[in-house]
Amino acid sequence: MKTLVDRAREGRVTGPLRAVARAEKLDPSLLLEGIAAGSVVIMRRGRRSVGIGQGLRTKVNVNIGTSPTRIDPEGELKKAAIAEKYGADTLTDLSMGGNIQDIRRGIFQATELPITTVPIYQAAAEIGPEEMDEGDILRIIRTQAEEGVSSFVLHCPDTRIIERYRRGKRIMGVVSKGGSLTIAHMVRHRCENPFISRFDEILRILRKHDIVLSLGNTMRSGCIHDFRDAPQIQEIRKNVQLARLANGEGVQVIIEGVGGHVRADRIAGEVRYQKRLGNFPLFVAGPLPTDIAVGHDHMAGCVGASIAAGAGADYLCYLTPAEHLGLPDPDQVREGLMAFRIAAHIGDSIKFGPGERDRRLSLARRRLDWEGQFRHALDGEPSRRMAPAAGPCTMCGDFCAIELMRNL
Ligand code: SF4
């Protein structure tokens, strides 16, 4: 079966490509070039196609899913519905508690958004991080592929990177859950990374189902003082090498990087460095430019993600106010999503210039047209609760600058 990349390399404009070109207001031939070259991917599920990569609007992913200590499938479905309603582009199901397969199937039914999974989560939760073997991991990858996930995250540090990491002096060590499960498996079984040793087999599965490969960011820094050590650089290079291999086989690839906690003054340079090494769509988690915004990490993350997106990151993974503290509730999912939609929009105004929507909102604001402002706002609901029905607001009342200037 031919993949989207194969078809793009043959110069064929397929349905998903046409849909993304329409949504992005782009010439399909430009998109064709991006997909053929690997700088753009299309995440698909059912009729939904979301383009991610160079020259496209910055996209936002929302993580949901149960944990071993909080298993509320209904709550996760509610979060999926909120994510879709408030403008998430994709969802990642990170469930590790309860009947994971049933929960995933429920999420599939609750939303049309493309869905990413991290197969090692299910393997570790169902079999145990010590007991699972390569065969178990491959079986779960195959099952999830057959169920129709849009993308998988695989963490691919090799033994050399882990040895280097163990000689280092990080404060926070490894903070990637999928990465730490992968490392634990490798250390306990004294083996090479199963995603690397079985890479050819995994590529065949990805090709067969035309699934996007997302290369995880195991070595991301867990605090700003850990930023950019040798294992991080080695992992970036390894991911680029694997991405080239996979893309050469016609598989779409996203690379996760510049995630975790990154000093504000280094975010833009790091994004550009990674894009120079390999121009694949770059997915960033956060990044958080400070460690002390706990309880407000979605706000700190919004700052980091705005800088990252403006410098060229293509795809943002949201953070919620509950980051580092617990599983978010549905309201926190909404807050986190809005913070990152704002970041994506700011990033796009750096990438592409100020948007028409900003201009229209300002024109409405100049007219004291509240309905117009709600319509053009990223999220009109909270403003509707706060604004007056008509005329100046309570900030200045009779001394409203807009009215004073209008009446001069
Ligand atoms: S009252 Fe002040 S804040 Fe409110 S609309 Fe007028 S100028 Fe703006």
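Data block above holds the structure.
Reading the values: rules and limits
- Residues numbered from 1 in each chain as written.
- Predicted model: local features only at pLDDT ≥ 70, side-chain atom pairs only at ≥ 80, totals over all residues.
- Heavy atoms only, no water.
- Helix = DSSP H or I, 4+ residues; strand = E, 2+ residues; numbered from the N terminus.
- Buried < 20%, exposed > 50% of the residue type's maximum accessible area, 1.4 Å probe, protein only.
- Pairing = 2+ DSSP bridges.
- Contact = heavy atoms within 4.5 Å.
- Core = buried A, V, L, I, M, F, W, Y, C linked by side-chain atoms within 4.5 Å.
- Disulfide = S-S within 2.5 Å.
- Polar contact = N/O pair within 3.5 Å; in protein donor to acceptor, adjacent residues only side chain to side chain.
- Phe/Tyr/Trp six-rings, centres within 6.5 Å; stacked < 30°, edge-to-face > 60°.
- Lys NZ or Arg CZ within 6 Å of the ring centre and 35° of its normal.

Caption draft 1: Inspection of unusual backbone geometry at higher detail. Cis geometry marks the peptide bond from G286 to P287, where omega comes out at -5 degrees. As for its position among the elements, P287 is in the loop between β9 (282-285) and α14 (297-311). For R228, which is not glycine, the phi torsion reads 60 degrees and is therefore positive. Topologically, R228 is positioned in the loop between β7 (212-215) and α12 (230-248).

Caption draft 2: Summary view of the pairing of strand β6 (residues 151-154). Of the two faces of β6, both are covered, the one formed by S151 and V153 as well as the one formed by F152 and L154. Sheet analysis places β6 next to β7, joined by four bridges and oriented parallel. From the neighbouring strand, V153 faces β7, where its bridge partner is S214.

Caption draft 3: Molecular detail of the environment of V284. With respect to the element layout, V284 can be found in strand β9. Linking V284 and N217, residues 67 residues apart in sequence, is a C-alpha distance of 8.9 Å. Each residue touching V284, except ones within four places of it in the same chain, is listed here: G257, V258, A308, A313, Y315, L316 and C317.

Caption draft 4: Spotlight on the nonpolar core. Membership of the largest hydrophobic core comes to 78 residues, with the highest contact counts inside it found for V62, L91 and L213. Sorting elements by how many residues they give to this core places helix α15 (residues 330-352) first, with seven residues. Discounting residues that sit within four places of it in the chain, L91 has contacts with N61, V62, I64, A80, A83, I107, T111, L113, P114, I115 and T116. Residues A8, L17, A21 and L56 belong to the second largest nonpolar core, which totals 12 residues.

Caption draft 5: Quick look at the state of the cysteines. The full count for this structure, using the stated rule, is zero disulfides. The thiol of C156 is not disulfide-bonded; the next cysteine sulfur, from C191, is found 13 Å away.

Caption draft 6: Structural view of the side chain of S221. Mapped onto the elements of the fold, S221 is located in the loop between β7 and α12. Within the local environment of S221, its side chain forms a polar contact with the side chain of Q232, the two groups lying 3.2 Å apart. A polar contact of 2.8 Å, which involves the side chain of S221, links it to the backbone oxygen of H261.

Caption draft 7: Structural detail: the packing of aromatic side chains. In total, this model carries one aromatic pair according to the counting rule given. With centroids separated by 4.2 Å and ring planes inclined at 35 degrees, the aromatic side chains of F283 and Y315 adopt a geometry described as tilted. Here the residue F283 occupies a position in strand β9, and Y315 occupies one in strand β10 (residues 315-317), the gap between them amounting to 32 residues. Each member of the pair, F283 as well as Y315, is classed as buried. Note that R45 overlies the ring of F108, its terminal NZ or CZ placed 4.6 Å from the centroid. The ring of Y273 carries R228 above its face, with NZ or CZ at 4.5 Å from the centroid.

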